[in-house]
Amino acid sequence: MLTLAAGRTLSENQVQAIVNLVASSVPGLSPDNVSVVDQNGRLLSRTGGDGATGASERQLAVQTAIEDRYRQAITTMLTPIVGAGNFTAEVHAEMDFSEVQSTREGFPQDARALSSEEGQLSTDTSGGGAPGGIPGALSNEPPPASEVAAAPGGAVTPEAAEAGAATAAGGRRTENYARNFAVGREVSVTRQQVGTVKRLTVAVALRNPEGVRPRSQQELQSLEQLVKGSVGFDQQRGDTVALTARDFAPTEEVVPAWWEAPWIWPAARNGTAILLALILVFGIGRPLLRKGQAMAAKRAETQREAKVQMGDEIASVIADRAKNDLEMKVTLEMIEATRDYETRAALIRTFVRQDPARAALVVRDLIKADSKEGVER
């Protein structure tokens, strides 16, 4: 299945190329078992069992292409003369798709030659040339001169000369020859072209100019000659060209409705896609995002409360131990971790008692920090 772009089509050669490519890529697959369709379910390929239909469609495609070529020639000829939209032309081409093949075999007269010759020549001189017959003047006359046979090349053979001499002497000559000739042979094969134009019919209607006199007969004849020349008019073939001038029917300009405008459907499709995207984002995605954020905040608050509770418990344990064990070393981290005021005060007193110098430094730093904040404010 092919997904074609909008407004694009494939030619028959391209479809056949795809069929052959698919068939050759699979071992043992015949091209007759491959079908090509587009995304709309339209069959693009022609199978082997549909040969008659495929041939008819090819013939129709050839006829349509030839008619379009003639129509384009007429349009190219008349547009500069009468203007675009001031004429209409139709062409019908009667095609001959019959396949005719003839074979002719001939034997030229001047292409002969003697290839072989066999025979014998005998002369009987036993009669001795004695005169015979009825006595008289005719019997006493010598015999007529004999004809000497010549060879095929024109030369006199010795046998023929001897036979001629013997015949002249009154003998009898017997000749028996078998001659073989080589005859030239010529074979010609003629195949007529398939898809020739058998007859052409052209009809052209011209629009009469408005507000002026109609076109004259001379002008129509001149335009008819131009049309005949543009399509290659052949009277012996039986072509017909009909050209006439008429008043064309007025055409009402149909204003399409606003929803039939070409930009409506793309805008509606894009608007629908945007609307669905907004519904998905604000109707489903945003509540899920808020819910996720709330759950994350609740989880963070729970973790924070657990940490505070754990710190309070640790600070309470440390403070109780500091009260009971006066030798326990108190640090600033222990004081900062304490949340209870009384416990913190007790730890501070213990810290001051254990390390007075460090406590004084801490108090000094606190006083400096408070003085800086006061100045900035």
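A quick note: this is a predicted structure, and the numbers were derived from the prediction, not measured.

Visitor: Talk me through the overall build of the chain; I want residue IDs and the actual numbers.
Guide: Within the chain, the regular secondary structure consists of eight helices and seven strands. The buried share of the chain, reckoned over its 377 residues, is 18%. For the chain, contacts bridging at least 24 residues in sequence account for 69% of all contacts bridging at least 6.

Visitor: Give me the lowdown on the pattern of salt bridges, citing residues and values where you can.
Guide: Across all of its chains, the model carries seven salt bridges by this definition. We note a salt bridge from Asp-68 to Arg-71, for which the minimum N-O separation is 2.6 Å. Here the residue Asp-68 and the residue Arg-71 both occupy positions in helix H2 (residues 51-82), the gap between them amounting to three residues, near one helical turn. Under the relative-accessibility criterion, Asp-68 is labelled partly exposed at 38%. A salt bridge links Arg-304 to Glu-301, with the shortest nitrogen-to-oxygen separation between them at 2.2 Å. Residue Arg-304 and its partner Glu-301 are both found in helix H5 (residues 264-324); the two are separated by three residues, about one turn of the helix. Note on Glu-301: relative accessible area 32%, which makes it partly exposed. A cluster of three or more residues bridged by salt bridges with shared partners is formed by Asp-68, Arg-71 and Glu-90.

Visitor: Please set out the sheet that holds strand E6 (residues 196-207) residue by residue, giving values where relevant.
Guide: Here three strands make up an open sheet; going across it, the order is E1-E6-E7 and the pairing mixed. Two strands close off the open sheet at either side, each with one partner strand: strand E1 (87-96) and strand E7 (240-246). Across the sheet, the mean angle separating the axes of adjacent strands is 10° when strand polarity is ignored. Against the sheet, helix H4 (residues 217-231) touches E6 and E7, its axis set at about 140° to E7.

Visitor: Please set out the pairing of E6 residue by residue, giving values where relevant.
Guide: Looking at chain direction, E1 and E6 are connected through 10 bridges and run antiparallel. Bridge assignment links Met-95 to a residue of E6, and that residue is Val-197. Across seven bridges, E6 lies against E7 in parallel orientation. Bridging from a neighbouring strand, Arg-207 pairs with Arg-246 of E7. Handedness of the crossover joining E6 and E7 through H4: right-handed.

Visitor: Please provide a residue-by-residue account of the nonpolar core, values included.
Guide: Looking at soluble globular proteins, one finds that nonpolar side chains tend to be buried together. Ile-74, Leu-78, Leu-200, Val-202, Val-204, Leu-206 and Val-227 are the most contacted members of the largest nonpolar core, which has 22 residues in total. For Val-204, the contacting residues outside a window of four places in its chain are Ile-74, Leu-78, Thr-88, Ala-89, Val-227, Ala-242, Leu-243 and Thr-244.

Visitor: I'd like a rundown of the side chain of Ser-45, residues and numbers included.
Guide: For Ser-45, the position within the fold is in the loop between helix H1 (12-25) and H2. Classification of Ser-45 as buried rests on a relative accessible area of 4%. For Ser-45, the side chain forms a polar contact with the main-chain nitrogen of Val-36, separated by 3.0 Å. With near-sequence residues (within four places) excluded, Ser-45 lies in contact with Val-15, Val-19, Val-34, Ser-35 and Val-36.

Visitor: Describe in detail a nonpolar patch on the surface, supporting the description with residues and values.
Guide: Side chains of Phe-107, Leu-114, Phe-181 and Val-183 sit close together on the surface and give an oily, nonpolar patch of about 390 Å² of accessible area. Within the element layout of this structure, Leu-114 appears in strand E3 (residues 112-124).

Visitor: Could you give an account of H1, naming the residues involved and the relevant values?
Guide: With 14 residues, H1 ought to run about 20 Å at 1.5 Å a step, and its terminal C-alpha atoms sit 20 Å apart, in line with that. All of the buried residues along H1 are Val-15, Val-19 and Ala-23. All buried residues of H1 project into a common sector of 70° when viewed along the axis, lining one side. Exposed and oriented more than 90 degrees from the buried face of H1 are Asn-13, Leu-21, Ser-24 and Ser-25.

Visitor: Account for the environment of Gln-59, naming residues and giving values.
Guide: Among the secondary structure elements, Gln-59 is positioned in helix H2. Taking the C-alpha atoms as reference points, Gln-59 and Met-95, separated by 36 residues in sequence, lie 8.7 Å from one another.

Visitor: An account of H4 is needed here, citing residue identities and associated values.
Guide: For an α-helix the count is 3.6 residues per turn, leaving residues at separations of three or four pointing the same way. The first and last C-alpha atoms of H4 sit 21 Å apart over 15 residues, in line with the 21 Å expected at 1.5 Å per residue. Among the residues of H4, those classed as buried are Leu-220, Leu-223, Val-227, Lys-228, Ser-230 and Val-231. Along the long axis of H4, the arc covered by the buried residues comes to 160°, so they all point the same way. Turned more than 90 degrees from where H4 packs its buried face, Gln-218, Gln-225 and Gly-229 sit exposed.

Visitor: Give a description of the side chain of Ser-230 that names residues and reports values.
Guide: Considering the arrangement of structural elements, one finds Ser-230 in helix H4. Of the polar contacts made by the side chain of Ser-230, one reaches the backbone oxygen of Val-227; its length is 2.7 Å.

Visitor: Could you give me a rundown of the confidence of the model for the chain, with the residues and numbers involved?
Guide: Of the residues in the chain, 69% have a pLDDT of 70 or more, and the chain-wide mean is 77. Of all secondary-structure elements in the chain, the lowest mean pLDDT belongs to helix H3 (residues 158-168), at 55, while H4 reaches the highest, 91.

Conventions adopted
- Residues numbered from 1 in each chain as written.
- Predicted model: local features only at pLDDT ≥ 70, side-chain atom pairs only at ≥ 80, totals over all residues.
- Heavy atoms only, no water.
- Helix = DSSP H or I, 4+ residues; strand = E, 2+ residues; numbered from the N terminus.
- Buried < 20%, exposed > 50% of the residue type's maximum accessible area, 1.4 Å probe, protein only.
- Contact = heavy atoms within 4.5 Å.
- Salt bridge = Lys/Arg side-chain N within 4 Å of Asp/Glu carboxyl O.
- Pairing = 2+ DSSP bridges.
- Axes fitted to C-alpha atoms, helices over the stretch in contact; angles between N-to-C directions.
- Right-handed = clockwise from strand over helix to strand, strands pointing away.
- Core = buried A, V, L, I, M, F, W, Y, C linked by side-chain atoms within 4.5 Å.
- Polar contact = N/O pair within 3.5 Å; in protein donor to acceptor, adjacent residues only side chain to side chain.
- Patch = residues over 30% accessible without salt bridge, like charges linked within 9 Å, V, L, I, M, F, W, Y side chains within 5 Å.
- Areas by Shrake-Rupley, 256 points an atom, 1.4 Å probe, with all protein chains shown as cover.
- Expected span 1.5 Å × (residues − 1).
- Arc of directions from axis to C-beta.
- pLDDT = per-residue confidence, 0-100.

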